[in-house]
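Close look at the chain arrangement
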Amino acid sequence: MTDLLKLSGVHTHIGRYHILQGIDLSVAQGQTTMLLGRNGAGKTTTLRTIMGLWQASRGEISLAGERIESRTTPDIARLGVGYVPESMAVFSDLTVKENLVLAARDGPLDDSQLEWIFGFFPALRRFWLSRAGSLSGGQKQMLSIARAIIEPRKLLLIDEPTKGLAPAIVVALIECLKEIKRKGATILLVEQNFFAARELGDNVLVMDNGTIVHRGDMAALASDVPLQERLLGLSLETHQ
Amino acid sequence: MMILSGDPPKSRVLTLVLIVIILALAATPFLFPGAKALNVAAKICVFAALVASYDLLLGYTGSVSFAHTMFYGIGSYAIAIALYGMGPNWAAIATGIVAGLPLAALLALAIGLFSLRVAAIFFAMITLAVASAFQVLASQLSWLTGGEDGRSFQLPELLRPGTILISKSLFGFEVNGRILTYYLVFATSAVMILALLRVVNSPFGRVLQAIRENRFRAEALGFRTVFHLTYANCLAALVAAGAGILNALWLRYAGPDTSLSFSIMLDILLMVVIGGMGTIYGAIIGAAIFILAQNYLQSLMGVASKAASEAGLPLLPGLLHPDRWLLWLGLLFIASVYFFPTGVVGRLRNAGAKKAGGVSH
Amino acid sequence: MTELAATDPLPKPKRDIAPILLPVALAVVTIPLIGSPSTWLTLTAASLAMGMMIFIMASGLTLVFGLMDVLNFGHGAFIAVGAYVATLVLAPFAASVQADSLWVNLAVLAPAALLSMAVSGALGLIVERVLILPVYGQHLKQILMTTGGLIVAEQTLYALWGPQIIPTPLPTSLRGSFIIGDVAIAKYRVLATLIGLAVFIAIQLVLNRTKLGLLIRAGVENREMVEALGYRIRRLFLGVFMTGSALAGLGGVMWALYREQVHASMSDDLTVLIFIVVIIGGLGSIGGCFIGAILVAMVANYGGFLVPKLALVSNILLMVAILMWRPRGLYAVTSR
């Protein structure tokens, strides 16, 4: 199993704040790696640093063997990284179609890829010509994910996709992400919802205070209640 | 230390420069004879206070206002209209002050409250629009303001050049009403600058800086940023109007060119940037450097322009013509923002900190 | 697979038309106030022409604001430069300007306008690289740098052309009015309106029908996400900046012919008007900018006729009123 993404000793400062304090992590090809941790642990900053939206002040980031820590965001995206930010960041003034047209950077929309996406995100077909701003929260999340997978990407960075969504929609969204996984995607997924994490994750990383405090197998963590309580301050049972 | 509100210049060279400037200003009537030197010195005093009040906004709250000359103009016009209408007496001066200062503060309050309701990014543009409307208004209301001609007026007896307070035979130099007026300007400016120094070093000033650094965090900490910013606006407007009053008293005149024009606004911006934003002391340095240059370099430019045209050089005579003073000012301005963003005070303080082996934070 | 949207209501397409109705309402309300229909028509035509010219000048500024969050206080310089550059063509070919043939006139006007746009656009390139790039992301310094740039540009114009006002007479075939019944509408105003509309439609087509336009609209809303999709937005921004500068130059030429004179300080008054338009419209919104420009021109023309004394502050009052209604302008596009 090869590592697609590797961070070693990554530090990130935002203004005067030292957010990431030496991150070492790797994401294996074809696997879904969960990034867990309490609020403010630095999960979002980690994704943004990988994406080049914050500049790492120290350390190395490599994608498929290529160093990317000093590349610009567009260049990193062009290397095949899809990004689904926490805020979803759909272009609300544009239609669903226009959002996807932009996301398909290399050319016209690929029909078979689109059909595949419509298969699990049927709402996108229904609201194809509606303004993205008029979609519901769950639909926006689908659009945001669809944007990331409309073209084949090496790596998907997904930030808290279930945040703020109704439980029924969360369940459906997890099914969709599983489908994307089945297609062989490599995913680094930030998640607060432990249920979702257990369902999706192959591996798990737990962050606290800007460092990785635990790494291992998702299934192992899911079955180890004391470890969960120690790492996350809550257990799977109480959170279900 | 008390008088400086516990915020000394923090650099030996800077302290020295400031002492030289202040002593020179204090002694100008006796050291440098002639009307021009005294005019230059008075202008430095007035602008030091005006620029310091602008620094409260730009340097301490980080908001760019283009309406500062408006408040300066309100002070100037208030005193001019009062003295013009009521005659040269102290009651007129009092009336001008009592009318001008609150008007400036109220207008600042109105702009502040309005701007705070709208997106912050609009502030600079809104102040520019308001200031330009005010300028037009002032030139149109000619029955009140004298229009483009402005208003000339007489000062009360005591402040006139003809009033001899101490005759030459006593100390070897004469102290007349003009010199008394100069010291009035000097002392009032000094008091206003010291007051501003007190303000920025008070807990209120620290909150302003916290807002400048991160408005959301300041809000999260429970500060009512709206209140603080509006209050800072009003304070700055009050001091600006005060400087305007001094300016009019000194010139015995208020008109669009001397108290309202956009180029004064640019002068203020330049002085703040040259002196150093967010330091208050920078205002004194910036005003001194700028006004000395304006008065003495401009004539130098005339000489250079003439020489260039006699030498038959192309383009240079036009570029060096004293009327092109603003061109060089603009270039200097860009260069200062670009290469010299901390201004003279920032540079001197940093140099001092480095020499002392301290970390500049 | 669950049908995710099964329970969601069908979102209705929402069109915010209140701002569009504003100038219409203003026009209707003033009919009885002005009294004479022919005067009203003349004033309305004047408003449209003036509004279109202001729109052309302001459109680039609002996009630059919206797209890159750049406060360009020197935008007015492009207007003045455009106007001055046009005189380089118009003055030597004064005979063609005075010829009583539309085609001969246009044969001078078109190259003059194109040259102005080219020079303004090139100046835009320099300004973006020299003044804006170094202070990118810092509002305070942007304002200071671009204000400095405006002074330098104005003063350079004075140094090159001298302080005097340069007359730019209208070409002969564009003088006079179309007379319909007892209504006189100046020919040049019709032309200015048509050019303004053409620019507006062209911008709308680019923004709505091309991928480049999609990128610009997306960038106005969320620059970061556009970059995260792999687009190099800096280049896009430079292109928009240069286009906006060129349009300001075109606006300068049109304004010079409208006023039949050129002066370096023409940019000062126009800068204030343009700022008001951009604020009223909402940063980054072309539609808002269009409506804002017409509103400002209407208030200036109707207001100037009805209450001449108020004309000075009428734009400020308009701005205050609109921001009280919508604090971020008629159309708030950006999330900032």
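Look a little higher up for the structure.
This report concerns the structure included in the present document. The structure presented is a predicted model; accordingly, all values stated were derived computationally and were not measured.

Cut-offs applied
- Residues numbered from 1 in each chain as written.
- Chains lettered and ligands numbered in written order.
- Predicted model: local features only at pLDDT ≥ 70, side-chain atom pairs only at ≥ 80, totals over all residues.
- Heavy atoms only, no water.
- Contact = heavy atoms within 4.5 Å.
- Buried area = accessible area lost by both parts, 1.4 Å probe.
- Salt bridge = Lys/Arg side-chain N within 4 Å of Asp/Glu carboxyl O.
- Polar contact = N/O pair within 3.5 Å; in protein donor to acceptor, adjacent residues only side chain to side chain.
- Helix = DSSP H or I, 4+ residues; strand = E, 2+ residues; numbered from the N terminus.
- Nonpolar A, V, L, I, M, F, W, Y, C, P; charged D, E, K, R; others polar.
- Pairing = 2+ DSSP bridges.
- Expected span 1.5 Å × (residues − 1).
- Buried < 20%, exposed > 50% of the residue type's maximum accessible area, 1.4 Å probe, protein only.
- Axes fitted to C-alpha atoms, helices over the stretch in contact; angles between N-to-C directions.
- Bend = angle between axes of the 7 residues up to and from the residue.
- Parallel < 35°, antiparallel > 145°, perpendicular 65-115°, else oblique.
- Phe/Tyr/Trp six-rings, centres within 6.5 Å; stacked < 30°, edge-to-face > 60°.
- Lys NZ or Arg CZ within 6 Å of the ring centre and 35° of its normal.

**Structural notes on the interface of chain B and chain C**
Between chain B and chain C, the contact holds 39 residues from the first and 38 residues from the second. Summed over the three residues of chain B that lose the most area to chain C, namely B:Arg117, B:Ile121 and B:Met125, the buried surface amounts to 18% of that side. In this structure, the connection of chain B to chain C is made through zero salt bridges. Viewed at the interface, chain C and chain B are joined by one residue pair in polar contact (both at pLDDT 80 or more). Those elements that place two or more of their residues in the side of chain B that touches chain C are helix 4 (90-117), helix 5 (123-140), helix 13 (262-275), helix 15 (316-320) and helix 16 (325-339) of chain B. Among the elements that make up the side of chain B that touches chain C, the one with the highest residue count is helix 5 of chain B (eleven residues). Along the lines of polarity and charge, the residues of the side of chain B that touches chain C split into 31 nonpolar, five polar and three charged.

**Points about the pairing of strand 2 (residues 177-180) of chain C**
The sheet contact formed by strand 2 of chain C and strand 3 (residues 183-186) of chain C spans four bridges and is antiparallel. Bridge pairing links C:Ile179 to C:Ala184 in strand 3 of chain C.

**Here's the deal with helix 16 of chain B**
Counted at 1.5 Å a residue, the expected span for helix 16 of chain B with its 15 residues is 21 Å, and the 21 Å between its end C-alpha atoms agrees. B:Trp325, B:Leu327, B:Leu329, B:Gly330, B:Phe333, B:Ile334, B:Ser336 and B:Val337 are the residues of helix 16 of chain B that are buried. As for helix 16 of chain B, its buried residues are in contact with helix 13, helix 14 (281-310) and helix 15 of chain B together with helix 5 (102-132) and helix 6 (139-161) of chain C.

**Side note on the environment of B:Trp328**
Assignment of secondary structure puts B:Trp328 in helix 16. If we skip the residues at most four places from it in the chain, B:Trp328 touches B:Met301, B:Leu319 and B:Leu320.

**Observations regarding the sheet that holds strand 3 (residues 32-37) of chain A**
Residue and element names in this part refer to chain A. Reading across the sheet, the six strands line up as 6-7-8-3-9-10 and stay open at both edges, with mixed pairing between neighbours. Pairing within the sheet leaves two strands with one partner each, and these edge strands are strand 6 (81-84) and strand 10 (211-217). Sheet twist, expressed as the average angle between the axes of neighbouring strands with direction ignored, equals 15°. In this structure, strand 6 lies alongside strand 7 (residues 155-159), joined through four bridges in parallel fashion. Following the sheet pairing, Tyr 83 is matched in strand 7 by Leu 157.

**Observations regarding helix 2 (residues 35-61) of chain B**
Residues and elements named next belong to chain B. The first and last C-alpha atoms of helix 2 sit 38 Å apart over 27 residues, in line with the 39 Å expected at 1.5 Å per residue. When the local axis directions of helix 2 are compared, the greatest deviation, roughly 35°, occurs at Asp 55. Within helix 2, 23 of the 27 residues are buried, leaving the element largely enclosed by the surrounding structure.

**Focus on the packing of helix 6 (residues 137-149) of chain A against helix 7 (residues 167-182) of chain A**
Residue and element names in this part refer to chain A. Put simply, helix 6 and helix 7 touch, their axes get as near as 11 Å, and they point 10° apart. Relative to helix 7, the element helix 6 lies roughly parallel. Residues Gly 138, Gln 141, Ile 145 and Ile 149 of helix 6 touch helix 7, and the partners they reach there are Ile 169, Leu 173, Leu 177 and Ile 180. A breakdown of the residues in the contact of helix 6 with helix 7 according to their chemical character gives six nonpolar, two polar and no charged.

**Digging into the pairing of strand 9 (residues 203-208) of chain A**
Residues and elements named next belong to chain A. Burial runs high along strand 9: five of the six residues are buried. One ladder, built from five bridges, connects strand 3 with strand 9; its direction is parallel. Looking across to strand 9, one finds that Leu 36 is bridged to Val 206. Note that strand 9 and strand 10 share six bridges and pair antiparallel. Residue Leu 205 lies in a different strand from strand 10, and its bridge partner there is Arg 215. Connecting strand 9 to the antiparallel partner strand 10 that follows it, the hairpin turn spans two residues, and Asn 209 within it adopts a positive phi of roughly 50°.

**Topic: the packing of aromatic side chains**
Across all of its chains, the model carries 23 aromatic pairs over all chains by this definition. Taking 5.1 Å as the distance between ring centres and 20° as the angle between the ring planes, the aromatic pair formed by B:Phe66 and C:Phe73 counts as stacked. Linking B:Phe66 in the loop between helix 2 and helix 3 (68-86) with C:Phe73 in the loop between helix 2 (37-68) and helix 3 (75-90), this pair reaches from one chain into another. For C:Phe73, a relative accessible area of 2% translates into the label buried. Joined through ring pairs, the aromatic side chains of B:Phe30, B:Tyr182, B:Tyr183, B:Phe186 and B:Trp250 make up one cluster. In this structure, A:Arg147 is placed above the aromatic ring of A:Phe91, and the distance from its NZ or CZ to the ring centre is 4.8 Å.

Read these as layout, nothing more, since geometry by itself doesn't imply function.
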